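Here are the chains, one letter per residue:
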Amino acid sequence: MDKPNNNTSRPPRQNRGGRGRQNDGGKPQQPNAAGGEKKISRGAAVRAQKRTQMDAQRVANQYMPAAVDEKRRANFIDDSPRLKIIGLGGMDHGGSKNTILVEYVNDAVIIDAGNDLGVDLPGINYGIADMAYLDSIKHKLRAYVITHGHLDHIGGLPHIVPQYPAPIYGSKFTIGRVEEIFENFGLPMPEGFELQTVTMNETTHERLKVGEFYLELVRITHSIPGSTCVVLDTPVGRIINTGDFRFDQNPLDHERSDIERLQELGNEGVLALLSESTTVERMGRTPSESTIEQSFIDLMDQAPGRIFIGLFSTNMNRVQMIVNAAVHHGKKVAMDGRSMVSTLEMAVRNGFMKIPKGTFVPIASVASLPEDQVVVVATGSQGEPSSALQRMANGEHKHVKLHEGDTVVLSSTPIPESGNDELIGQMVDNMVRMNVHVFEARNHDLDHVGPLHVSGHASRDEYAEMIQYTKPKFFIPIYGAYRVKQRHIDLAVEQGIPRANCMNALNGEVMALTPDKMEVIGQVPSGTILVDQTGAIVNNVVVKDRVLLAEEGLVAVVITVDKKNGNLLTSPDIISRGFIYMREQEELMNGLRNEVRRAVQQRFKRIDLDRFKAELKDHITHYLFEQTQRSPIVIPVVNVIGGKTENVKTVHQGKTKTAEEIAAEQQARFQQMRERLLTQDARTD
């Protein structure tokens, strides 16, 4: 894809059980009409808390790992001589974490292994496909074959390949991208692991034997160089995975889609076409990338000062276009954004870009250059908070700050269903306040400028042409939302493929193919593994707790009890995070302390400690819900001091201490801990 994936929107918060939520930050509820406090039963509070937990679990469950029977890791075993195609990722949402497994008897290959950058959960960077099924067939795995170098097709490789090693096949540019992400991966690789890559020539129709399969790559146009269709000849028949594509008749690099080869393959016979479905609902044809070249030339001719252009970091063809326009006007070009600079360096090193000597200048030198002689190309076209363009707009960039008279061009459109419209809108608002001229691709007609962006994906006519060229017997739409894939099936039927020969499969469904039949014969484990900013895996239970904290906050109650008499030794300490601002809720806090004191007096001496903690937690939860209609996470901390101490003595540094001295030292240490705890943040009491 020419963009991060678009499954980012979290479901709206529901009105849990019909109870209206206050908007006053957790203020105690008002007395009822009779003049007394409205009482809520303990059962109602417990049910409300369960609903809160279920809501959080539902959010987290959008990205659940595979459900695996540990006694039998493979929930599906079938060694019959049928070709099996399994979407482990990419068969839902916007084509996220694209991962397709092709298996035949004792051989298997994986086509693409991407990540989902649209995961909207606290502390989560992205998701990857859960590869639990590979545990049962890793002895069959012969290769990873990559269609192109976007992260939603390669981002999962550093996590997956070290666990299930096999060579990675792809075009020259794609392999360069693969090696780049392994080099920049934040975590060390397992001891003994060595990355194996195989570069294939898509121009010469090179065919390589991989197990029982023969592999070929066919050149296709997209928004990144080196994009290919994957052709896999199997003992059952030929399958083609299109990867992301469009049929650009006039690409900037002159590397047109190899339509002739696709037609040849179709005439020879194709068993199944696996076609991406991202924008199949868009009518007509996608314009050529070359249609926007003149727009950049015109903007650079008219802009009075510095020009900043935001685009996707892997769109090297567009970077080349901007470089050409800058050279035409005698301007220098500076690049910023780690991912963009890394990809550019790889592209130049491997000969995919032609940069005249002296064109590029360091980003640090921009401030010292004449303003009418500089063009800055940066990440941030989606308004990402930490992107280079956003930092320039906020005055947080180390070397460059936007100011009045600058021109900003956003050479992309907001990713559908991502929430990026709001981010972009806020960024543009800030720029306009600074009297910066902003041109957005989606508003180019309104601004009376030429087009500033074209999609890297086909439109409906091109999807139809792919089916016409390859003439498949069976059709499987992939890499798209379920509803969009269904539209793709409708299009395939219009092209003459029987509806019975089309399948809208879900992640994990096993499609079995023979020369004459395609059917779903089972299900394998599938799901999402969540990854944080460091590259570490995050457990789903942790995610649920984070959602609860984000939604409801946390209250910790710390008490110290004398074991001998069951009395509190200090007033209960209460710590609130994300629940209420305690200094504005003194009445509520005093009431909570009284409730805690009463619970200790009535129950501490009558039950064991573990049960007392559980009852105290329930009691606090009930009280807080009754007062605020909210159910924060409640953590009771019970310190027990003393016990059977009348005959206890200890020797410390040669001196015998009495039980009373020991108890006094314990109390002093606790008081120090308490003071440190309560002075760490102003939101404590």
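Everything below is about the structure shown above.
Residues numbered from 1 in each chain as written. Predicted model: local features only at pLDDT ≥ 70, side-chain atom pairs only at ≥ 80, totals over all residues. Heavy atoms only, no water.

**Some remarks on the overall build of the protein chain**
- Along its length, the protein chain carries 17 helices and 28 strands.
- Put simply, the protein chain has 685 residues, and 55% of those count as buried.
- A sequence separation of at least 24 residues applies to 73% of the contacts in the protein chain between residues at least 6 apart.
- Accessible surface computed for the protein chain: about 29,900 Å², of which carbon and sulfur atoms make up 49%. (Helix = DSSP H or I, 4+ residues; strand = E, 2+ residues; numbered from the N terminus. Buried < 20%, exposed > 50% of the residue type's maximum accessible area, 1.4 Å probe, protein only. Contact = heavy atoms within 4.5 Å. Areas by Shrake-Rupley, 256 points an atom, 1.4 Å probe, with all protein chains shown as cover.)

**Here we look at the pattern of salt bridges**
- This structure, assessed with the given rule, holds 27 salt bridges.
- The salt bridge partner of Arg-142 is Asp-107, with a shortest N-O separation of 2.7 Å. A residue pair is termed long-range when its members are at least 10 positions apart, and Arg-142 in strand β6 (residues 141–145) and Asp-107 in strand β3 (residues 107–113) qualify at 35 residues.
- With a shortest N-O distance of 2.4 Å, Arg-349 and Glu-345 are connected by a salt bridge. A residue pair is termed a helical-turn pair when its members lie 3 or 4 positions apart in one helix, as Arg-349 and Glu-345 do in helix α9 (residues 338–349) at 4 residues.
- Of the residues examined, Glu-345 reaches a relative accessible area of 44% and is grouped as partly exposed. (Salt bridge = Lys/Arg side-chain N within 4 Å of Asp/Glu carboxyl O.)

**A closer look at the sheet that holds strand β16 (residues 374–378)**
- Ordered by their spatial adjacency, 5 strands build an open sheet running β15-β16-β14-β17-β18, and the pairing between neighbours is parallel. Whereas interior strands pair on both sides, the edge strands pair on one side only; in this sheet they are β15 (332–336) and β18 (437–440). Averaged over all neighbouring strand pairs, the angle between strand axes comes to 20°, with direction disregarded.
- One ladder, built from 5 bridges, connects β15 with β16; its direction is parallel. Directly across from Asp-336, in β16, lies its bridge partner Ala-378.
- Along the sheet, helix α7 (residues 293–302) makes contact with β14 (307–310), β16, β17 (407–410) and β18, crossing β14 at roughly 155°. (Pairing = 2+ DSSP bridges. Axes fitted to C-alpha atoms, helices over the stretch in contact; angles between N-to-C directions.)

**Concerning the environment of His-399**
- Checked against the element boundaries, His-399 lands in the loop between α10 (388–394) and β17.
- Judged by relative accessible area, which is 31%, His-399 ranks as partly exposed.

**Considering α7**
- Among all positions of α7, only Ser-295, Phe-296, Ile-297, Leu-299 and Met-300 are buried.
- In the core, the buried residues of α7 are packed alongside β14, α8 (316–328), β16, β17 and β18.

**Side note on the packing of aromatic side chains**
- If you walk through the whole model with that rule in mind, you get 6 aromatic pairs.
- Aromatic side chains Phe-245 and Tyr-463 sit 5.5 Å apart centroid to centroid with 80° between the ring planes, which places their arrangement in the edge-to-face category. Of this pair, Phe-245 sits in the loop between β12 (238–241) and α6 (259–268) while Tyr-463 is found in helix α12 (residues 460–470), placing the two residues 218 residues apart along the sequence. Each member of the pair, Phe-245 as well as Tyr-463, is classed as buried.
- Three or more aromatic residues joined by ring pairs make a cluster, and in this case those are Phe-245, Phe-247, Tyr-463 and Tyr-469. (Phe/Tyr/Trp six-rings, centres within 6.5 Å; stacked < 30°, edge-to-face > 60°.)

**Some thoughts on unusual backbone geometry**
- For Asn-435, which is not glycine, the phi torsion reads 60° and is therefore positive.
- With respect to the secondary-structure elements, Asn-435 resides in the loop between α11 (420–433) and β18.
- Given a relative accessible area of 44%, Asn-435 falls into the partly exposed group.
- Even without a glycine there, the phi angle at Tyr-479 is positive, about 50°.
- Residue position: Tyr-479 is located in the loop between β19 (472–478) and α13 (482–494).
- What makes Tyr-479 buried here is its relative accessible area of 1%.

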